[in-house]
Each structure stands twice: as C-alpha cells, then as structure tokens.
Amino acid sequence: MGKLFRGTRFATKHVTSQTQEPSPDDMTPGQPLPSGVAERFLEAGGVRFRYLQGGVSSGLPLILLHGWPTWAEVWLSVARELGTRHPWIAPDLPCQNRSSLLPGNDRTLTAYRRAIGAFVDALDLARFAVVGNSMGGSLATMLALDHPDHVVKLVVLDAAGLTAKLPGRTARMYLPFLLPCYVRAPGPNSVRRLLTKAVFFDPRFATDRWVNAIVAAWKVRDRRKAFMATGFALRRRDASVFADLERLRIPTLVLSGRHDVQFPWQSAETASRRIPGGRFAAIDQAGHFPMVEKPRETAHLISEFIDAKSP
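Residues numbered from 1 in each chain as written. Predicted model: local features only at pLDDT ≥ 70, side-chain atom pairs only at ≥ 80, totals over all residues. Heavy atoms only, no water.

Observations regarding the overall build of the protein
No. 1: From N to C terminus, the protein includes 10 helices and 9 strands.
No. 2: Expected size for 311 residues packed as a compact globule is a radius of gyration near 19 Å; at 18 Å, the protein falls within 12% of this value.
No. 3: Projected onto the principal axes, the alpha-carbon positions of the protein cover approximately 55 × 40 × 40 Å.
No. 4: Summarising the internal contacts of the protein: among those between residues at least 6 apart in sequence, 76% fall at separations of at least 24.
No. 5: A total of about 13300 Å² of accessible surface is found on the protein, and carbon and sulfur atoms cover 50% of it.
No. 6: Taken as two groups, the 41 positive and 27 negative side-chain charges of the protein have centres that lie 4 Å from each other. (Helix = DSSP H or I, 4+ residues; strand = E, 2+ residues; numbered from the N terminus. Rg over C-alpha atoms; globule rule 2.2 N^0.38 Å. Contact = heavy atoms within 4.5 Å. Areas by Shrake-Rupley, 256 points an atom, 1.4 Å probe, with all protein chains shown as cover. Lys, Arg positive; Asp, Glu negative; His and termini not counted. Charge placed at Lys NZ, Arg CZ, Asp CG, Glu CD.)

Take a look at the structure:
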C-alpha cells in the first residue's frame, strides 16, 4: 500500500479493498469470544466497567472506545490485526452493553468524560494510544486533552464532536428513531431503518443479529432512558471538542468512512487541519462504522500510524 503520509503535515488517502471481510455478526455481543480475548470487569468512577482485553503482552497499549449505543465487540476484527503488535483494551462505555449505568442522572458527555478518565486511571498505564469511533471519538479526544502525559497517539474514526455543534442533518436522522422511544422500545423495523440509513454504507451489514442485539438493549427501560438522554446530550456544547483541537500536541489521525452520512468526511478533513500535525484518511465503501465494514483497511491505517516514529 505504500506510505500513508508523505511530505507535508497533511495527506488524504482513500483506501479500497478487494478481499473478503469478516462477518459483521462476529462483532455483536453474546458470541463466543475469539481465542486470546478475555472479558474482565473493573470498578472506576462509580461505574462497573466490563471490558475486553487481548493482543500481545508487550508494546504500546491501545484503548479502543466504541460509539453510542453499541459495545466493545465492534473492535474485535480490527483488534485481531492490531493485537499482533500491541496489547489492547476495549471497554463497554458506561450505560451500554454490560457496563453499569453512570451514577446519578447525569448523561452528558462531561459525565462520560469523567468516567472514562477514571477507568484509564484505574488501569495505571504509563503510556498508551487511544482510538475512538463516533461518541467514542469525542471521548478519545477528551482523554488525550485530559491526560497529555500519558496519551502518546490519538486516532478518531467518524468522530462526533469535531464540529462546533452536532450537524442538523444528523439530529434529524435520529429524531424519528428516538422520539417514539419515550413511549415504547424500538422494534426490528425501526432499528434496521436506522442502521441502513445512518450507520452502514452496505445495507447487508444490518444483519438480523445486529438488529436483534440493538432491539434487546433498548428493551431494558433504564438502559433505554440512558440511551435517549445520551443521544440528546450529543447536541450540548460540552459534547464538542472543536474548540480544543488546536490544543492537541500529540500525533493525531482522523479517519472517516467516505460514505458516512452522519459526519461527512469533508468535515473530518477540515477538523484534522485544526490539529497541529494532524493527519487524515478516508476509507472507501464504508459508512459510520469503518471498523465493522472495512476492518482490514481500518486496522492497516491505524497500525501504520501507531507504529510510525513520531517526528
């Protein structure tokens, strides 16, 4: 594939692949974990975190943060590639999958920020890189800003919060899904529409297993209330890291699915220019979850960036 970044501080690369991708069903909860992947639990910041852990025993550790409202398993295919050179940890975010709810009623990004900071502090890692998708991309950026002496590289994929406010188009995509949830849990048809219109470029990735996993998660009333509160909190000012991008002082890679309709790749490219030494790459044939639709390309870009010597 050649070098990802040449010459100037900023480069754009569109990546394609002709190889067969792993099944999206491998990246849903409830499946047997791959060999070498362990499930663990940790109490931090008033949250009982469930997390997955794998990879080699030495090398720069990677923290992988998923988006709203999913689960740690979305990283499994990417982690399989990254784990040949790095140990990795992928938590379920608070209020999601098997991690407990945030304490109290605060579901703002500030509350998530505190909890993820406490989780990482409890891991007691001297140096690590952080990778985040969607809301997890916002939290990864916040983690880098809050822990400048420990986070040495940052990768965000289709991150929320890279614009001053949530795009109106994105909010309008979710309102038809969220508003009925005040009175009832979403059904399979509603979930499938959301996945095919807002998440995946290839509608075949909206499998029955993905649909059923999300339906099951939203059936639980306290979880549904937390999901809804978090979704609406993404419109708050504290959910944006746009104003802080210029303060990042570590190598940062901004990745985007070229067909992401929530956060178009052009806005991600623009955000990367605000980051000193920021890099950008777009992944073809991928929507909002490139680590699911194009895990090999995503893993290659992350690995090449993480393993490159910093200037």
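Concerning unusual backbone geometry
No. 1: Residue Trp68 is joined to Pro69 through a cis peptide bond whose omega torsion reads -15°.
No. 2: Relative to the assigned elements, Pro69 resides in the loop between strand E4 (62-65) and helix H1 (76-82).
No. 3: The backbone of Ser134 shows a phi angle near 55°, a positive value even though the residue is not glycine.
No. 4: Counting through the fold element by element, Ser134 comes out in the loop between strand E6 (128-133) and helix H3 (135-146).
No. 5: Overall, Ser134 belongs to the buried group, its relative accessible area being 7%.
No. 6: Here the phi dihedral of Asp158 falls at roughly 45°; this positive angle occurs in a residue that is not glycine.
No. 7: Locating Asp158 in the fold gives a position in the loop between strand E7 (151-157) and helix H4 (168-178).
No. 8: Taking relative accessible area as the criterion, Asp158 reaches 1% and is therefore assigned buried. (Buried < 20%, exposed > 50% of the residue type's maximum accessible area, 1.4 Å probe, protein only.)

Some words on the packing of helix H2 (residues 109-123) against H3
Axes are the key here: two packed helices are described by the angle between their axes and the distance separating the axes.
No. 1: Between H2 and H3, whose axes approach to 10 Å, the crossing angle comes to 60°. Relative to H3, the element H2 is oriented oblique. Two packed elements cross with a definite hand, and for H2 against H3 that hand is right-handed. Residue-level inspection shows Leu109, Tyr112, Arg113, Ile116, Gly117 and Val120 of H2 in contact with H3, the latter providing Met135, Leu139, Met142, Leu143, Leu145 and Asp146.
No. 2: Partitioned by chemical class, the residues of the contact of H2 with H3 number 9 nonpolar, 1 polar and 2 charged. (Axes fitted to C-alpha atoms, helices over the stretch in contact; angles between N-to-C directions. Parallel < 35°, antiparallel > 145°, perpendicular 65-115°, else oblique. Left-handed = near helix turned anticlockwise from the far one by under 90°. Nonpolar A, V, L, I, M, F, W, Y, C, P; charged D, E, K, R; others polar.)

A short note on H4
No. 1: Those residues of H4 that sit buried are Thr170, Ala171, Tyr174, Phe177 and Leu178. The buried residues of H4 occupy an angular sector of 115° when the element is viewed end-on, so they sit on one face. For H4, the exposed residues set more than 90 degrees away from the buried face come down to Arg172 and Pro176.
No. 2: Where H4 is buried, its residues touch helix H5 (188-199), helix H6 (208-219) and helix H7 (221-233). (Arc of directions from axis to C-beta.)

As for the pattern of salt bridges
No. 1: Applying the stated criterion across every chain yields a total of 14 salt bridges.
No. 2: When the shortest N-O distance is used, the salt bridge between Glu39 and Arg98 registers 2.6 Å. Taken together, the residues Glu39 in strand E2 (residues 38-44) and Arg98 in the loop between strand E5 (87-91) and H2 connect sequence positions 59 residues apart.
No. 3: Judged by its relative accessible area of 46%, Arg98 is partly exposed.
No. 4: Residues Asp92 and Arg50 are paired through a salt bridge, measuring 3.1 Å at the closest nitrogen-oxygen approach. With Asp92 in the loop between E5 and H2 and Arg50 in strand E3 (residues 47-55), the pair connects residues that are 42 residues apart, well separated along the chain. Accessibility classification places Asp92 together with Arg50 in one group, the buried group. (Salt bridge = Lys/Arg side-chain N within 4 Å of Asp/Glu carboxyl O.)

A closer look at H6
No. 1: Compared with the 16 Å implied by 1.5 Å per residue over 12 residues, the 16 Å span of H6 between its first and last C-alpha is a close match.
No. 2: Where H6 is buried, its residues meet H4, H5, H7 and helix H9 (290-293). (Expected span 1.5 Å × (residues − 1).)

Overview of a nonpolar patch on the surface
No. 1: A surface patch of nonpolar side chains, about 340 Å² in accessible area, is lined by Leu179, Tyr182 and Val183.
No. 2: Locating Tyr182 in the fold gives a position in the loop between H4 and H5. (Patch = residues over 30% accessible without salt bridge, like charges linked within 9 Å, V, L, I, M, F, W, Y side chains within 5 Å.)

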